[in-house]
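Remarks on the overall topology
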Amino acid sequence: MFSALKRDGVPLYKLAHRGISVEIPERSVDIHSVDLKEFTPPHFVIHVRCGSGTYIRTLIHDIGKKLNTASHCFELARLKQGPFSIEDALPEDQWTKNNLMDAVKKWEHLLQGGEIEQPRSIEKGQNSPGV
């Protein structure tokens, strides 16, 4: 399995790159909805609303197993994370200092409300938070 999950402190994708296969125990995840958006056999497009910790590639694999066939995730895009959605994203060709500052100001209320951890200034020689 190609995953950031770890076995004995080593990410599974690193083990997979070394050709080491590891059996992962099943775990529960929250799938709120699965909507079929397109179906042109053998390809399909789904939108999934799920809880954190859900591996969509694993979901696709499980769908294939349930249908007694092979399955492969050709493309994967995160459309929403918490209050942020792809519709709110600033296209790269619009990345200017003023546009970026406006985008940050749009979400400033989340920083003040404590929903998102405040960015911290890191001085030379200091570790970043969580390190």
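Here the structure is a predicted model, which is why all the values come from computation and not from measurement.

So, how was this worked out
- Residues numbered from 1 in each chain as written.
- Predicted model: local features only at pLDDT ≥ 70, side-chain atom pairs only at ≥ 80, totals over all residues.
- Heavy atoms only, no water.
- Helix = DSSP H or I, 4+ residues; strand = E, 2+ residues; numbered from the N terminus.
- Pairing = 2+ DSSP bridges.
- pLDDT = per-residue confidence, 0-100.
- Buried < 20%, exposed > 50% of the residue type's maximum accessible area, 1.4 Å probe, protein only.
- Arc of directions from axis to C-beta.
- Contact = heavy atoms within 4.5 Å.

1. Brief notes about unusual backbone geometry
Where the residue is not glycine, phi is negative for most of them; where a peptide bond is considered, it is trans in most cases. Going from Pro 41 to Pro 42, the amide bond is cis rather than trans, its omega being 10°. Within the secondary structure, Pro 42 is located in the loop between strand S3 (31-40) and strand S4 (43-50). Unusually for a residue other than glycine, Asp 8 sits at a positive phi of about 55°. For Asp 8, the position within the fold is in the loop between strand S1 (6-7) and strand S2 (10-11).

2. A short note on the pairing of S4
Of the pairings in the sheet, the one linking S3 to S4 comprises eight bridges and is antiparallel in character. Within S4, the residue paired with Thr 40 across the bridge is His 43. Between the end of S3 and the start of S4, which pair antiparallel, lie two residues.

3. Considering the environment of Phe 84
With respect to the helices and strands, the residue Phe 84 is situated in strand S6 (residues 84-85). Distance from Phe 84 to Trp 107, taken between C-alpha atoms, is 9.2 Å for residues 23 residues apart in sequence.

4. As for the confidence of the model for the chain
Per-residue confidence for the chain gives a mean pLDDT of 83, with 82% of residues at or over 70. Ranking the elements of the chain by mean pLDDT puts helix H4 (residues 108-112) last, at 78, and S3 first, at 95.

5. A look at helix H2 (residues 56-66)
In an α-helix, one turn spans 3.6 residues, which is why side chains three or four residues apart end up on the same side. Residues of H2 that are buried: Ile 56, Leu 59, Ile 60 and Gly 64. Along the axis of H2, the buried residues cluster in a sector spanning 140°; they form a single face. Those residues of H2 that are exposed and aimed more than 90 degrees away from the buried face are Lys 65 and Lys 66. If you follow the buried residues of H2, they end up packed against S3 and S4. Among the residues trailing H2, Asn 68 stands out with phi positive, at a value near 55°.

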